[in-house]
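Structure assessment
Here are the chains, one letter per residue:
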Amino acid sequence: KVPSENGVWERRTTLPAPMFSRNDFSVWGFLKKCIGMELSKITMPIVFNEPLSFLQRITEYMEHTYLIHKACTLSDSIERMQLVAAFAVSAVASQWDRTGKPFNPLLGETFELTRDEEGYHMISEQVSHHPPISAFYSESLNQDFSFHGSIYPKLKLWGKSVEAEPKGTMTLELSKHREAYTWTNPMCCVHNVILGKLWIEQYGTVEIVNHSTGDKCVLNFKPCGMFGKELHRVEGHIQDKSKKKHQVIYGKWTECVYSIEPKVYEVNKKAEKKSGGDSKKHKQEQSTGGDDADEMPDVQETVTMIPGSTLLWRPPMTPTSVLGDYMLCIFSLYFFFFLDSLEPGMIGVIAPTDCRLRPDIRAMENGDIDTASQEKERLEEKQRVARRERAKDEEEWSTRWFQQGNNRYTGAADWIYKGGYFDRRYSDLPDIY
Ligand code: CLR
């Protein structure tokens, strides 16, 4: 927040400093030395970073929390599933055009987000350094829901792209309905790390399970395909435990999510085929093998709304120009801006491990790249020294707000919130900055 004329603090609407252009730096120049290495162990030059910690980047899952609030008010479980599906799609929507690398969180780093107006708060902690694992827990202030999970981004360098598999289970619990939903996020691929313009694709099947009713929503995040026709497209359906199809879900994760009755959807599809809507007459050569860049297909086609559909979600659009050379595009700048803003009321309230207090990220946000770079090195060295000290004393690192366990619903390995963060008795916190 920034002070306005009458002395009241208002949320900021711009970033403190514009960023330099990344165009002069080649990602490949660094990556070629790293072939065959585990990507999480590579220290990339800071120019490829965006001034956010990975903990803040995953907090963007919460941008459209109103969908969960809405789901809580519905009495029909299929209708609730529709909104949960829309939430799962909306959660990854901010990835569009976000090719900056967030800062790797330090072990023990935390990020708190308290949004009184939106009725929830969230706490996340870096619980492991190698492999990097971030755990998060959010709940509504009126105890209607909790949404929690952990993310271990497994990165792979394929010829021209970096593929990130976000390992970890998302769990959403709606207390009034005694329901729990689980799913795993789709794959994320960053194209053209060798040459060309970086762009992001998300693909894979996301299966949302309602563990109380046995309802399922199977969502297919489509790979962009040969003509780019499927770029950003999401399609799927909701079925009950007897496998009866109830609703079809369709749209794009960058644009909108609709739901419609399966019968109406099928009729429409058939009609579209008859009219030769998507003829595949001219086969085009696929460009995966060649040396040239995989350009992002032009996204000309917007989603056609089939009559009878219900709109479940649409992201609020904001002009990207405000961000200047940050070269990221985000639907709701508002959300991004306050993710990293250190408001006066927060000092002394947020935990001393909160990434808002990280000097390297702060320096980068202020446009001071040299300080950012020096500070980043200092923090990483401090972390290494601490680890060596622990090894010498045969001491194990203990996580502060989460503990390793199994997901209650799926049995998969998970990180469980121990509670207590919001009591704000921050004893035993490591000194990581
Ligand atoms: C996407 C949403 C998933 C969780 C997740 C895991 C890994 C993240 C990815 C998200 C976004 C893109 C990401 C990736 C790790 C590295 C990659 C931040 C948040 C960046 C863009 C790679 C940049 C490196 C190039 C400059 C080479 O649910």
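Further up the page is the structure itself.
All of these numbers come straight from a predicted model, not from anything done at the bench. (Residues numbered from 1 in each chain as written. Predicted model: local features only at pLDDT ≥ 70, side-chain atom pairs only at ≥ 80, totals over all residues. Heavy atoms only, no water.)

The next point concerns the packing of aromatic side chains. Within the structure shown, the criterion is met by 13 aromatic pairs. On the basis of an interplanar angle of 25° and a centroid distance of 5.4 Å, the ring pair of tyrosine 250 and tyrosine 258 is categorised as stacked. The rings of Tyr61, Phe87, Phe136, Phe147 and Trp183 are connected pair by pair, giving a single aromatic cluster. Over the aromatic face of tryptophan 401 sits the side chain of arginine 400, whose NZ or CZ is 4.1 Å from the ring centroid. (Phe/Tyr/Trp six-rings, centres within 6.5 Å; stacked < 30°, edge-to-face > 60°. Lys NZ or Arg CZ within 6 Å of the ring centre and 35° of its normal.)

If you walk through the whole model with that rule in mind, you get 26 salt bridges. For lysine 222, the salt bridge goes to glutamate 230, with nearest N and O atoms at 3.4 Å. By relative accessible area, lysine 222 is classed as buried at 15%. Between aspartate 423 and arginine 425 there is a salt bridge; the shortest N-O distance is 3.9 Å. The exposed category is assigned to arginine 425, whose relative accessible area is 64%. Salt bridges linked by common partners bring Lys222, Lys229, Glu230, Arg233, Glu235, Lys269 and Glu301 together as one network. (Salt bridge = Lys/Arg side-chain N within 4 Å of Asp/Glu carboxyl O. Buried < 20%, exposed > 50% of the residue type's maximum accessible area, 1.4 Å probe, protein only.)

Here we take up the pairing of strand β14 (residues 216-221). Only one face of β14 is covered, namely the one carrying Cys217, Leu219 and Phe221; the face carrying Lys216, Val218 and Asn220 has none of its residues buried. Relative to β14, strand β13 (residues 199-210) runs antiparallel, the two being bridged by six bridges. Of the residues in β14, the one forming a bridge with isoleucine 208 is cysteine 217. In this antiparallel pair of consecutive strands, β13 and β14, the connection spans five residues, and glycine 214 shows a positive phi of 85°. (Helix = DSSP H or I, 4+ residues; strand = E, 2+ residues; numbered from the N terminus. Pairing = 2+ DSSP bridges.)

Bringing the site of the ligand into the picture now. Residues in contact with the ligand amount to 18 residues; listed here are only the nearest, Val27, Arg57, Tyr61, Pro102 and Asn185. In this structure, tyrosine 61 approaches the ligand through a side-chain N or O atom, which is 2.6 Å from an oxygen atom. Take asparagine 185: an N or O atom from its side chain is 3.4 Å from an oxygen atom of the ligand. When the ligand sits alone it has 610 Å² of accessible area, and the protein chains cover 96% of it. Here the ligand occupies the largest pocket. Elements that contribute at least two residues to the shell around the ligand include exactly α2 (54-59), β4 (101-103), β8 (145-158), β9 (161-167) and β12 (187-191). Split by residue class, the shell around the ligand holds eleven nonpolar, four polar and three charged. (Near = heavy atom within 4 Å. Polar contact = N/O pair within 3.5 Å; in protein donor to acceptor, adjacent residues only side chain to side chain. Areas by Shrake-Rupley, 256 points an atom, 1.4 Å probe, with all protein chains shown as cover. 1 Å grid on protein atoms, 1.4 Å probe; cavity = no way out; pocket = protein on both sides within 12 Å on 5 of 7 lines; lining within 4 Å. Sits in = over half its atoms within 2 Å of the grid points. Nonpolar A, V, L, I, M, F, W, Y, C, P; charged D, E, K, R; others polar.)

Ranked by internal contacts, the top residues of the largest apolar core, which has 57 residues, are Tyr61, Phe147, Leu172, Trp183, Ile208 and Leu219. Counting residues per element, this core draws most heavily on helix α4 (residues 77-91), at ten residues. Of all hydrophobic cores here, the second largest spans 14 residues; its members include Val127, Ile350, Trp401 and Tyr417. (Core = buried A, V, L, I, M, F, W, Y, C linked by side-chain atoms within 4.5 Å.)

Shape descriptors only; they carry no functional weight alone.
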